[in-house]
Amino acid sequence: MQVSVTDVHKKYGSRAALDGVSFELGRGITGLLGPNGAGKTTLLRCLATVLAPDRGRLEIFGLDPDRPSERTEIRRRLGYLPQEPGFYRNFTCFDFIDYLAILKEHVDRSDRHNEVRRVLALTGLTDRSTTKIRKLSGGMRRRLALAQSLLGSPGLLVLDEPTAGLDPELRFRFRELITELSADRVVFLSTHQTEDVAAICDRVIVLDSGRARYDGTPSGLAELARGNVWLSNDRPASARIYWRMANGQYRAVGKPPPNVDMLEPTIEDGYVMLVGAAGLGEEPAAA
Amino acid sequence: MALRHPLTFFGAVASVTLAVVELWREEPVLNRASVTLAWTMLPMAAAFALIAGGAVHRARGRSDAQPPMIMPLGMEQRTSGLLLGISFAGAFATFVLQLALLVWLFTRDDAASLVWNEILVGLVYVMFAAALGAAIARWISHPSSSLISILTLIGLMIAVPYRQGDWGQLIGPEWLLPMAWPQEIVPYEVAFRPAGLHLVYLGGLTLLVAATAVLGRWAAGWTLLVLGGSLAVPTGVAQLGPIAETRQSSVIEQLVGDNADLTCETQGQATYCALAGYERWIPLWIESAEPILEAAPAGTTSGIEVRQYPTVNPLTASDPFEQLDQWWFDALARDIRARPRVVAVGVVWADYAAFPLAHTLARVIAGCGVQCDGEAQTFAFLWLAAHNPGIRSIVEGNIGGDTAPIADCMVAEAWRLSSGRTLMHANWDAVIDPTTSYEEAGALLGIEVPAPVDEFGQTGDGCE
């Protein structure tokens, strides 16, 4: 396994952001789901060598990020897409990526410019390479942020909400790109979009209150809600969550009443059952 | 991008404005102007301190979780790259400004020679300021580091009082500061300014400050520290060293006395002697002296020598007794006293400097010493001196007041006479006699002499 997280703890004051998280990552795409404040960003920052855990152990490509020289080596092989990339607004797209390429030790000017053009092409920004960042839309800025994470073809991609703010077409393009990239690298992405997890992730980890509540396949997550998803003509009193569909019926997740039409569960349903169960102190129905 | 930064523009405008204000009034003396071209770059230095500090802050990003902070190249290497780019951009911009100012100076009647070591101090100072801004921003991540940079630069210039020694040199630790102000009353020719040593010292100081900006696990920071210290420490010590005793006599011999290195030119009735490098000013002196010389009676201007001495105050060049505490003034005063027909000029020339030249020339022709002893002699001196437009304006201003000096009134009366000059020439010897009174001179020239109203020789209304 290329990434190993063992009993990692991280506190902010008295609040535990990570409370004994353990997992391993190999090639392929692993999704990270969780409610706000679950500790997702903290976990990603630890993997991106931004934060050091208070306790526990991280190992990335067999290297210890706690040691400065090994941390530098990890950063050479890491691509990180943060929630806020901190653009230099007066830079052009090309200049910004070029600057980060320099920081990533691409010293040869010709090779570096070729690399910059490559990542801009991967993210569909070739036509915008001379456009100043302040003139880009939110979606294009997100693509630019993704482009910088792909510099140097890193072995580990850590992506924090990569599809936030992207329209459906761009989200599909992103899925296509990430799927291609995951063939020979580790991709770890956090998202609120369960559809992205269902579409491209080989594996999903659900984080809640700093703990990993689920670690398995997306279909397995959906199975957690089997027998707990139904249709109702009236507002379902016993549902943890429900919503009214276009045909006027209600789709409910929770403890079903008798004699209702059950539905095939989705990842979203399983997520709700998992996180909702933890919040309400109840266990989900048997898978 | 540093060159396109708005602060570069404002710094350049401020520096050029400062330099022009300092240099426009007088004809450029290139050795002193070299020092001016250095210290007037202070606004540029402040600008680049802020630019460098801002760049380091931006490189740090708004949080540690942004891509620039999670790169193999650490903050030390990043800061060094920024510092190299910005400080050399600042040096280039400063050099362009200084060259432009030099071109302007060369279009005027410049004298003496450029001192490149002094000029380059201004350029290196901009690099020093950039390093300082970067260093402070590197270790103080709060935006207030910009203010700290500016306060530090200001403090370096004003915090340490400048004390002057007998040689006009700065004594104590002042030369250890990045910039050493020129001494206003000390000519560059006699001031002890170890400009070459100071330039190297400032370079070493810049490397030291740059080292603090890039210190970390990177070996280059420590290398810079050692290199900067190796340059700054020995040159810093050397520039504070004592002045060789033999230097005093060799300096004086070149500037004052019979063996002084002077270029002399005889024009009409007078000889004009300029120090090396000041020959271009001889026509300016001639232009100021000629009205006086032409108005003087025949035979009264033989042996007149307009001679340059190393002093920045033209008035005290002719009245040397006021600055006896300057080490070279004793030699200067003795030389002037030994030459009764000499008119001393200094190493400053401007429109206002024509006044003391005319003033002294008229005194010498009228036979006065430091001041005229006789009443009529005073009138004769003033009549002659008023052929200088500046002195004439003063006389015209005096006679328009409630009271006026009697001599000024007599000069005004003499102007009204169509044969004023003829009468003055005819009665010259009697008029410049120290025992001749105003009334006696008035009788000789047919001029009405007003009665005095006080003991200072002032008269009342009716003079105009």
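Treat the numbers as computed from the prediction; the structure is a model and nothing was measured.

Rules used in this analysis
- Residues numbered from 1 in each chain as written.
- Chains lettered and ligands numbered in written order.
- Predicted model: local features only at pLDDT ≥ 70, side-chain atom pairs only at ≥ 80, totals over all residues.
- Helix = DSSP H or I, 4+ residues; strand = E, 2+ residues; numbered from the N terminus.
- Rg over C-alpha atoms; globule rule 2.2 N^0.38 Å.
- Buried ≥ 20, exposed ≤ 12 C-beta atoms within 10 Å, placed from the backbone.
- Contact = placed C-beta atoms within 7 Å.
- Nonpolar A, V, L, I, M, F, W, Y, C, P; charged D, E, K, R; others polar.
- Domains from an automatic or database assignment.
- Pairing = 2+ DSSP bridges.
- Axes fitted to C-alpha atoms, helices over the stretch in contact; angles between N-to-C directions.
- Parallel < 35°, antiparallel > 145°, perpendicular 65-115°, else oblique.
- Left-handed = near helix turned anticlockwise from the far one by under 90°.
- pLDDT = per-residue confidence, 0-100.

> Please give an account of the overall build of chain A that cites residues and values.
Within chain A one finds nine helices and 13 strands. In terms of overall dimensions, chain A is globule-like: its C-alpha atoms have a radius of gyration of 21 Å, near the 19 Å expected for 287 residues. Within chain A, the proportion of its 287 residues that are buried is 42%. Long-range pairs, those at least 24 residues apart, make up 66% of the contacts in chain A between residues at least 6 apart in sequence.

> Account for the overall build of chain B, naming residues and giving values.
Looking only at helices and strands, chain B has 19 helices and eight strands in total. In summary, chain B has a C-alpha radius of gyration of 29 Å against a globular reference of 23 Å for 464 residues, an excess of more than 25%. In terms of principal-axis extent, the alpha carbons of chain B reach across some 100 × 50 × 40 Å. By the burial criterion, 49% of the 464 residues in chain B qualify as buried. Here the contacts in chain B between residues at least 6 apart in sequence split such that 71% fall between residues at least 24 apart.

> Which residues make up the interface of chain B and chain A, and what values do they have?
Contacts between the two partners involve 14 residues from chain B and, on the opposite side, 19 residues from chain A. Of the residues in the side of chain B that touches chain A, the class split is seven nonpolar, two polar and five charged.

> Now, about unusual backbone geometry: what can you tell me, with residues and values included?
Residues and elements named next belong to chain A. Residues other than glycine seldom take positive phi values, yet Thr49 does so here, at roughly 65°. Secondary-structure assignment places Thr49 in the loop between α1 (40-47) and β4 (55-60). By C-beta crowding, Thr49 is classed as buried, having 22 other C-beta atoms within 10 Å. Its identity is not glycine, yet Ser153 carries a phi of approximately 45°, on the positive side. Judged by the 14 C-beta atoms lying within 10 Å of it, Ser153 falls in the partly exposed class.

> Provide a residue-level description of the environment of Phe192 of chain B, including the pertinent values.
Within the secondary structure, Phe192 of chain B is located in the loop between β2 (170-171) and α7 (195-214). Sequence separation between Phe192 of chain B and Thr212 of chain B is 20 residues; the distance between their C-alpha atoms is 32 Å.

> Report on the domain arrangement of chain B, specifying residues and quantitative values.
The figure often quoted for interface size is the accessible area lost as the parts come together. All names here are of chain B. We note that the domain assignment places domain 1 (6-243), domain 2 (246-365) and domain 3 (367-464) within chain B. Considering each element in turn, the side of domain 2 that touches domain 3 owes the most residues, seven residues, to helix α13 (residues 354-365). Split by residue class, the side of domain 2 that touches domain 3 holds ten nonpolar, three polar and two charged.

> Run through the sheet that holds strand β8 (residues 203-208) of chain A, naming residues and quoting values.
All names here are of chain A. Taken in spatial order, the six strands make up an open sheet running β5-β6-β7-β3-β8-β9, and their pairing is mixed. Two strands close off the open sheet at either side, each with one partner strand: β5 (78-81) and β9 (211-216). Averaged over all neighbouring strand pairs, the angle between strand axes comes to 15°, with direction disregarded. As defined by bridge partners, β8 adjoins β9 across five bridges and the pair is classed as antiparallel. Its bridge partner lying in β9, Asp208 is registered against Arg211.

> Break down helix α16 (residues 406-416) of chain B for me, citing the residues and quoting the values.
Judged by how many residues are buried, α16 of chain B sits mostly within the fold: nine of eleven residues are covered. Buried residues of α16 of chain B: Ile406, Ala407, Asp408, Cys409, Met410, Val411, Ala412, Glu413 and Ala414 of chain B, and no others.

> Lay out the domain arrangement of chain A with the relevant residues and their values.
Residue and element names in this part refer to chain A. Looking at chain A, the domain boundaries give domain 1 (1-77 + 154-216), domain 2 (86-152) and domain 3 (221-280). Contact residues are listed per partner, giving eleven residues for domain 1 and seven residues for domain 3. If you list the elements that add at least two residues to the side of domain 1 that touches domain 3, you get α7 (194-200), β8 and β9. Tallied by class, residues from the side of domain 1 that touches domain 3 come to seven nonpolar, two polar and two charged.

> Tell me about the packing of helix α4 (residues 75-106) of chain B against helix α5 (residues 116-139) of chain B, and please be specific about residues and values.
Residues and elements named next belong to chain B. Their axes nearest at 9 Å, the elements α4 and α5 cross at an angle of 150°. Between α4 and α5, the interaxial angle falls into the category roughly antiparallel. Remark: the crossing between α4 and α5 carries right-handed chirality. The segment α4 lies against α5, with Met75, Thr79, Leu82, Leu83, Ile86, Ser87, Gly90, Ala91, Thr94, Phe95 and Gln98 engaging Ile119, Gly122, Leu123, Val126, Met127, Ala130, Ala131, Ala134 and Arg138. Residue composition of the contact of α4 with α5, grouped by class: 13 nonpolar, six polar and one charged.

> Outline the environment of Tyr99 of chain A, supporting the account with residue identities and numerical values.
Residue and element names in this part refer to chain A. By the element assignment, Tyr99 lies in helix α3 (residues 93-103). Taking the number of C-beta atoms within 10 Å as the measure of exposure, Tyr99 has 20 and is therefore buried. Expressed as a C-alpha distance, the spacing of Tyr99 and Leu189, which sit 90 residues apart in the sequence, is 25 Å.

> Give me the environment of Ser418 of chain B: which residues, what numbers.
All names here are of chain B. Looking at the secondary structure, you find Ser418 in the loop between α16 and α17 (420-426). Note on Ser418: 7 C-beta atoms within 10 Å, which makes it exposed. Remark: the alpha-carbon pair of Ser418 and Arg341, spanning 77 residues in sequence, is separated by 31 Å.

> Mind laying out the confidence of the model for chain A, listing which residues take part and the relevant values?
Low-pLDDT portions of the prediction should not be read for the details of their coordinates. For chain A, mean pLDDT is 88; residues scoring 70 or higher make up 96% of the total. Ignoring residues within four places in sequence, the model shows residues 277-287 of chain A, a span with pLDDT below 50, making 16 contacts including any to other chains.

> Describe the sheet that holds strand β12 (residues 250-254) of chain A, with residues and values.
All names here are of chain A. With antiparallel pairing, the four strands of this open sheet are ordered in space as β11-β12-β10-β13. The sheet is open, and its two borders are formed by β11 (239-244) and β13 (261-262), each paired with just one other strand. Note: strand β10 (residues 229-232) against β12, four bridges, orientation antiparallel. Across the sheet, residue Val229 finds its bridge partner in β12, namely Val253.

> Pulling in residues and values, what's your account of the pairing of β10 of chain A?
Judged from the two bridges that link them, β10 of chain A and β13 of chain A form a sheet pairing that is antiparallel. What sits directly across from Leu231 of chain A, in β13 of chain A, is Asp261 of chain A.

> Tell me about the packing of α7 of chain B against helix α8 (residues 219-239) of chain B, residues and numbers included.
Residue and element names in this part refer to chain B. The interhelical angle for the contact between α7 and α8, taken along N-to-C directions, is 150°, at an axis separation of 7 Å. When the axes of α7 and α8 are compared, the pair comes out roughly antiparallel. Judged by the sense of rotation from one axis to the other, the crossing of α7 with α8 is left-handed. Class assignment of the residues belonging to the contact of α7 with α8 gives a composition of 16 nonpolar, nine polar and no charged.

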